[in-house]
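The chain contents come next:
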Amino acid sequence: MAAWPLLFPQFFPEFARLGNDSLCLLLAGVAWAALLRLLGGQGRWAWALVLGISLGLGLLTKAFFLPIGAGVGLMLALHARRAGFTRTVLGQAAIAAAVALAIGGWWYVSRELQTGSLVGSDEFIRLNHDGGVHRLAGAFSPAGLARGLGVIVGTFVWAIEGSVGIYVLN
């Protein structure tokens, strides 16, 4: 994470303002600190609560926290296995998961029930209404995939070039 400002040229302009992305970065940092405390043997119950709260608030902030939550869950499961599935380690993992799901899980359940999309994404909703994944798979082309990947690289290079130009001019 410390290298992100160097790897992503628009890091400071994006995260210098208050918004979903900067809030996600803050909550991910809090979750990481709490997870490290639990994994490092400083596993106080309060850290499990902090972990659950930060993950739950992250889930409410952006769907970006779904894979973060899954990764944290996997790390806690591996930690429990390594620790011999002690009552304390399992209890802390259960507290963190229950708090996270209580804070943020209800929103994803309501999106799935109301829209048919777990994350409530407009793109997924339209995709489901327009024939779903089968129609999308029928429109797949290797050239389109290559173009899409090239656009990612091209816009990243363009952002680096623009950032370097700004620094040079200043």
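Refer to the structure printed above.
Residues numbered from 1 in each chain as written. Predicted model: local features only at pLDDT ≥ 70, side-chain atom pairs only at ≥ 80, totals over all residues. Heavy atoms only, no water.

Caption draft 1: The arrangement of the packing of aromatic side chains in detail. Scanning the entire structure with this criterion turns up two aromatic pairs. Between W107 and Y108, the ring centres sit 5.2 Å apart and the planes meet at 80°, which makes this aromatic pair edge-to-face. In this structure W107 comes out as partly exposed when scored by relative accessible area, which is 29%. (Phe/Tyr/Trp six-rings, centres within 6.5 Å; stacked < 30°, edge-to-face > 60°. Buried < 20%, exposed > 50% of the residue type's maximum accessible area, 1.4 Å probe, protein only.)

Caption draft 2: Representation of the side chain of T61 in the model. The topology assignment puts T61 in helix α4 (residues 45-61). Within polar-contact distance, the side chain of T61 engages the backbone oxygen of L57 at 2.7 Å. Once residues lying within four places of it in the same chain are set aside, the contact partners of T61 are N20, L23, C24 and L27. (Helix = DSSP H or I, 4+ residues; strand = E, 2+ residues; numbered from the N terminus. Polar contact = N/O pair within 3.5 Å; in protein donor to acceptor, adjacent residues only side chain to side chain. Contact = heavy atoms within 4.5 Å.)

Caption draft 3: Geometry of the nonpolar core. Grouped together as the largest cluster of nonpolar side chains are 19 residues, with contacts concentrated most on L35, L38, L51, L55, F65, V72 and L76. The set of elements that each furnish at least two residues to this core consists of α3 (20-39), α4, α5 (65-82) and α6 (87-115). The leading source of residues in this core is α3, at eight residues. Discounting residues that sit within four places of it in the chain, L76 has contacts with L35, L38, L51, A93 and A96. (Core = buried A, V, L, I, M, F, W, Y, C linked by side-chain atoms within 4.5 Å.)

Caption draft 4: Looking closely at the packing of α5 against α6. Where α5 meets α6, the closest approach of the two axes is 10 Å, and the angle between their N-to-C directions is 165°. Classified by the angle between their axes, α5 and α6 sit roughly antiparallel to one another. As α5 runs across α6, the sense of the crossing is left-handed. Facing L66, L76, H79 and A80 of α5, the residues of α6 in contact are V89, L90, A93, A96 and Y108. (Axes fitted to C-alpha atoms, helices over the stretch in contact; angles between N-to-C directions. Parallel < 35°, antiparallel > 145°, perpendicular 65-115°, else oblique. Left-handed = near helix turned anticlockwise from the far one by under 90°.)

Caption draft 5: Local environment of the packing of α4 against α6. Direction vectors running N to C along α4 and α6 enclose 20°, while the axes themselves pass 8 Å from each other. Here α4 lies roughly parallel to α6, going by the angle between them. Crossing geometry of α4 relative to α6 is assigned as right-handed. Contact residues: W45, A48, L49, L51, G52, I53, L55, G56, L57, L59 and L60 in α4; T88, G91, Q92, I95, A96, V99, A100, I103, G104, W106, W107 and Y108 in α6. In terms of residue class, the contact of α4 with α6 is built from 17 nonpolar, six polar and no charged. (Nonpolar A, V, L, I, M, F, W, Y, C, P; charged D, E, K, R; others polar.)

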